[in-house]
Amino acid sequence: VNQAVDILLVEDNPSDAELTLHVLEGQRLGRRVKVVYDGAEALDLIFCTGAYANRDPHNLPKMLLLDLRLPKVDGLEVVRRAKADARTRAIPIVVFSSSLDDRDLKAARELGARSYVVKPVDFRQFAEAVRGALLLGKAASGKAQQ
Amino acid sequence: LEDANHELEAFAYSVSHDLRAPIRAIHGFSRILMEEYAPELSGMAQHYLEVVSDNSLQMSLLIDDLLALSRLGRQPLQKQTIQPAELVAAALHDLEPEMALRIHVEVGELPPCEGDPILLKQVFINLLSNSIKYSGRRAEARIEIGSLPVEGGRAAVYFVRDNGVGFEMRHAHKLFGVFQRLHHSAEYPGTGIGLAIVQRILHRHGGRIWAQAEVGQGATFSFTMEPEA
């Protein structure tokens, strides 16, 4: 429950999750990635509720990698809730979508998501987006602990 | 109508998200096999993987095209007075990367009309890009854009003419169908959506399009962008 998480990957499609993990590993970003399959579990993990009630609330993921279309609670709602709460606001969020045409991408940006990546993933662009967000997340959590 | 639009929108959303997911998996994993496991695969196995991967990309292009077509039916027309010559200039500018130096382009007189400038520019882009594609291999390729003399208050008839490979007139009825092609994709790449989009845009404006061609001599696409009085 208290495992340290650098990247919280929220993705319900198992093939997409596996591909994403493969790219992250190839870019040496694969250490401490936690995959959850719906928005409700993602919220439980960052707010230490439900199955994660015993998690240390200071042990936040360094960043969220979030599909927009998710079971139970959709990606936009996850962004909204994470950005509305002072405890989780500083976690950088990178959102995923299947289509550049997706109106939700714009909405996610307006809600405070840092950047977005369109699937099929351009591996390099994707890795850069993750690296940038991860650096920011580590800096933010370092500050919080001081 | 609103219900129908909502349904279409939901359909398009579902096409773009749900149909893409399996394609992404097919393409992504075949790419991983090709890039990381190539030494373990025979030449034939690598070739088959390439075929799988190419086809998944093609499927993805077809989905993009279908979406573009469905979007056309939904967005409202933003009509204003337009100068087709400006649209042609903008279209030619966009097409510059495809244009070979030795293609001679001639733009004649193009009377103004009423229409949606973004959509009508797409008409010229699609027609001109076809002309470039099918005439580009001529030693002296020629593309002519012009109009017929307007007769007393009638809608102008515009045309895009090239001296490319042309086609047999007995296949002309297929030209504007979705994903219909009169040439092999190995020879002339494309998904076969361009003219379907052109026709859909012109129909929405109350106009129409027709074609005249001869094998080896070229093709002429004539169209109106307004209802004919």
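Quick note: structure is the one above.
Residues numbered from 1 in each chain as written. Chains lettered and ligands numbered in written order. Predicted model: local features only at pLDDT ≥ 70, side-chain atom pairs only at ≥ 80, totals over all residues. Heavy atoms only, no water.

1. Describing the pattern of salt bridges
Residue and element names in this part refer to chain A. Applying the stated criterion across every chain yields a total of 13 salt bridges over all chains. Between Lys 138 and Asp 6 there is a salt bridge, and its shortest N-O distance comes to 3.9 Å. With Lys 138 in helix α5 (residues 123-145) and Asp 6 in the segment before β1 (7-10), the pair connects residues that are 132 residues apart, well separated along the chain. Assessed through its relative accessible area of 39%, Lys 138 is described here as partly exposed. Notably, a salt bridge pairs Lys 72 with Asp 38, separated by 3.6 Å at the nearest N-O pair. Of this pair, Lys 72 sits in the loop between β3 (63-67) and α3 (75-84) while Asp 38 sits in the loop between β2 (33-36) and α2 (39-47), placing them 34 residues apart in sequence. Several salt bridges share partner residues, and in doing so they unite Asp 6, Arg 32 and Lys 138 into one network. (Salt bridge = Lys/Arg side-chain N within 4 Å of Asp/Glu carboxyl O. Helix = DSSP H or I, 4+ residues; strand = E, 2+ residues; numbered from the N terminus. Buried < 20%, exposed > 50% of the residue type's maximum accessible area, 1.4 Å probe, protein only.)

2. Some words on the pairing of β2 of chain A
Successive side chains on a regular strand alternate, one facing one side of the sheet and the next facing the other. Of the two faces of β2 of chain A, both are covered, the one formed by Val 33 and Val 35 of chain A as well as the one formed by Lys 34 and Val 36 of chain A. After leaving β1 of chain A, the chain enters helix α1 (residues 14-26) of chain A and then returns to the sheet as β2 of chain A, a path that is right-handed. (Right-handed = clockwise from strand over helix to strand, strands pointing away.)

3. Notes on α2 of chain A
Residues and elements named next belong to chain A. Turning to α2, its buried residues number three or more, namely Gly 39, Ala 42, Leu 43, Leu 45, Ile 46 and Phe 47. Contact partners of the buried residues in α2: β1, β2, β3 and α3. Structurally, the start of α2 carries an N-cap: the backbone nitrogen of Ala 40 is 2.9 Å from a side-chain oxygen of Asp 38. Within two residues after α2, Cys 48 carries a phi angle of roughly 55 degrees, on the positive side. (Contact = heavy atoms within 4.5 Å. Polar contact = N/O pair within 3.5 Å; in protein donor to acceptor, adjacent residues only side chain to side chain.)

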